[in-house]
Amino acid sequence: MLKTLALNQHTNDIQPVNDADLISELCATPEHVLWVDVSDPTGQDFDDLANEFGFHPLAIEDCRFAHQRPKIDEYPGYYFVVLYEAALNEQGQLELRELNMFLGANYLVTVHSQPLRALAQGEKLWRNWLDMREQGPGVLTYLLLDAIVDDYMALLDQFADRIEGIEEEIFGEFRPEALQEIFRLKKQLLFLRRGAAPLRDVSNTLLRRELALFSRETLVYFQDVFDHLVRVVEMVDTLRDTLSAAVEAYLSVSGHRMNQIMKRLTSISTILMSVTLVAGIYGMNFAYMPELGMRYGYVGALTAMLVIALLLYVYFRRIKWL
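Summarised in this report is the structure supplied together with it. (Residues numbered from 1 in each chain as written. Predicted model: local features only at pLDDT ≥ 70, side-chain atom pairs only at ≥ 80, totals over all residues. Heavy atoms only, no water.)

### Considering the overall build of the protein
Along the backbone of the protein there are 10 helices and 7 strands. At 35 Å, the protein has a C-alpha radius of gyration far larger than the 20 Å of a compact globule built from 322 residues. The buried share among the 322 residues of the protein stands at 42%. Put simply, 65% of the contacts in the protein that link residues at least 6 apart link residues at least 24 apart. Measuring between centres, the 29 positive side-chain charges of the protein sit 15 Å from its 44 negative side-chain charges. (Helix = DSSP H or I, 4+ residues; strand = E, 2+ residues; numbered from the N terminus. Rg over C-alpha atoms; globule rule 2.2 N^0.38 Å. Buried < 20%, exposed > 50% of the residue type's maximum accessible area, 1.4 Å probe, protein only. Contact = heavy atoms within 4.5 Å. Lys, Arg positive; Asp, Glu negative; His and termini not counted. Charge placed at Lys NZ, Arg CZ, Asp CG, Glu CD.)

Put into structure tokens, the structure is as follows:
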């Protein structure tokens, strides 16, 4: 599905373009800024983009075949950018949704197969921020990048809360399932880092402004995105280190709990062995034993076993083995 918005920089007005044949005409007029959004593209859509804007076949090929690494490629007159929006699905699994962008002097073409929250957020801000519209497609690109990076930061806050909950489980009730949750979070953070870290190169390229596609005033916005990306990557690395420490804490607490269990079992075994020693002595089948003829020998033996058991119990409680 094709959706086109045209900004007239003289009137500062944004209007939808329903006739695809007008795209070439509007692109030829510098006072217009076009945003062409292609969702769930078909093979014909890719051919139309190549014919309409003259995009390089390699860029179209990268756009056609998904799961590209986040990157920015420079072509004569435009940039081709691949980036990913991150979101958690209903099962709590991290998803990276690909977004391809063609950034030209007075146009921005976005291509995606899945719905993206950043596009709706970018369109809303582009319509409302009147003082930024006149900056052209560079500011529109910034709005999309900023929305995507903000989602990264929001996800990291959720991960931080989940890690804090895991730490409470380790040092509190100690759920064995916490270890599985730790490794699942580490995998998701690595997945997120693969989507966020290469975006620093994208921002760096836009900051260098090797293609004069937008004004110098726009650079401050891309610098803001770059700063946020640096913070995102640092937060990802910090959370991964925290999870590694959580694994060590889990193993330490698990070992400590096992030691406590072994101490309890040893204490109980010692008490039972001591009582059994007395019972074993009086259970021997010898004809002549000094205590066999005693009137209260049975009661005395039971009393001795009880006293030994109580003394050992008090001792093990004092050294905190029980």
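### Describing helix α7 (residues 178–196)
Between the first and last C-alpha of α7 there are 27 Å, a value that for 19 residues agrees with the 27 Å anticipated at 1.5 Å per step. Turning to α7, the residues buried within the fold contact β5 (78–88), β6 (94–104), α6 (137–171), α8 (199–208) and α9 (219–281). (Expected span 1.5 Å × (residues − 1).)

### Quick word on the nonpolar core
Of all hydrophobic cores here, the largest spans 87 residues; its most connected members are Phe55, Phe102, Val109, Trp126, Tyr152 and Leu206. Counting residues per element, this core draws most heavily on α6, at 17 residues. Leaving out residues up to four positions away in the same chain, Phe55 has contacts with Leu49, Ala50, Ile60, Tyr78, Phe102, Tyr107 and Val109. (Core = buried A, V, L, I, M, F, W, Y, C linked by side-chain atoms within 4.5 Å.)

### Some words on the pattern of salt bridges
In the structure shown here, the tally under the stated rule is 10 salt bridges. Of the charged contacts, one joins Asp62 and Lys71 as a salt bridge, the two residues approaching to 2.7 Å between their closest N and O atoms. Since its relative accessible area comes to 16%, Asp62 is described here as buried. A salt bridge links Asp237 to Arg193, with the nearest nitrogen and oxygen atoms 2.8 Å apart. Placement of Asp237 in helix α9 and of Arg193 in helix α7 is noted, with a sequence separation of 44 residues between them. (Salt bridge = Lys/Arg side-chain N within 4 Å of Asp/Glu carboxyl O.)

### Re the side chain of Thr110
The topology assignment puts Thr110 in strand β7 (residues 107–112). Among the polar contacts listed, one links the side chain of Thr110 to the side chain of Trp35, at a separation of 3.1 Å. Those residues within four positions of Thr110 in sequence are excluded, and the remaining contacts are Trp35, Val36, Asp37, Val38, Leu99, Asn100, Met101, Leu119 and Leu144. (Polar contact = N/O pair within 3.5 Å; in protein donor to acceptor, adjacent residues only side chain to side chain.)

### Focus: a nonpolar patch on the surface
A cluster of nonpolar side chains, contributed by Leu277, Ile281, Tyr282, Met284 and Phe286, occupies part of the molecular surface with about 500 Å² of accessible area. Residue position: Met284 is located in the loop between α9 and α10 (297–318). (Patch = residues over 30% accessible without salt bridge, like charges linked within 9 Å, V, L, I, M, F, W, Y side chains within 5 Å. Areas by Shrake-Rupley, 256 points an atom, 1.4 Å probe, with all protein chains shown as cover.)

### Observations regarding the sheet that holds strand β1 (residues 2–8)
Strand order in the open sheet formed by 7 strands is β2-β1-β3-β7-β6-β5-β4, with mixed pairing between adjacent strands. The sheet terminates laterally at β2 (13–16) and β4 (71–75), the two strands that pair on one side only. Geometrically, the sheet is characterised by an average inter-axis angle of 20° between neighbouring strands, direction not taken into account. Alignment of β4 against β5, held across 5 bridges, turns out to be antiparallel. Each residue of the ladder has a partner; that of Tyr75, found in β5, is Tyr78. Across the face of the sheet, helix α2 (residues 43–53) comes into contact with β3 (32–39) and β7 while running at roughly 165° to β7. (Pairing = 2+ DSSP bridges. Axes fitted to C-alpha atoms, helices over the stretch in contact; angles between N-to-C directions.)

### Things to note about the packing of aromatic side chains
The tally for this structure, following the rule as stated, stands at 11 aromatic pairs. Feature note: the residues Phe53, Phe55, Tyr75, Tyr78, Phe80, Phe102 and Tyr107 constitute an aromatic cluster, connected by ring pairs. (Phe/Tyr/Trp six-rings, centres within 6.5 Å; stacked < 30°, edge-to-face > 60°.)

### Digging into the packing of α6 against α7
Running from amino to carboxyl end, α6 crosses α7 at an angle of 160°, the nearest separation of the two axes being 11 Å. With respect to their mutual orientation, α6 and α7 come out roughly antiparallel. Here the hand of the crossing between α6 and α7 comes out left-handed. Contacts from Tyr152, Leu156, Phe159, Arg162, Ile163, Ile166, Glu169 and Ile170 in α6 reach Ala178, Glu181, Ile182, Arg184, Leu185, Gln188, Leu189, Leu192, Gly195 and Ala196 in α7. In terms of residue class, the contact of α6 with α7 is built from 12 nonpolar, 2 polar and 4 charged. (Parallel < 35°, antiparallel > 145°, perpendicular 65-115°, else oblique. Left-handed = near helix turned anticlockwise from the far one by under 90°. Nonpolar A, V, L, I, M, F, W, Y, C, P; charged D, E, K, R; others polar.)

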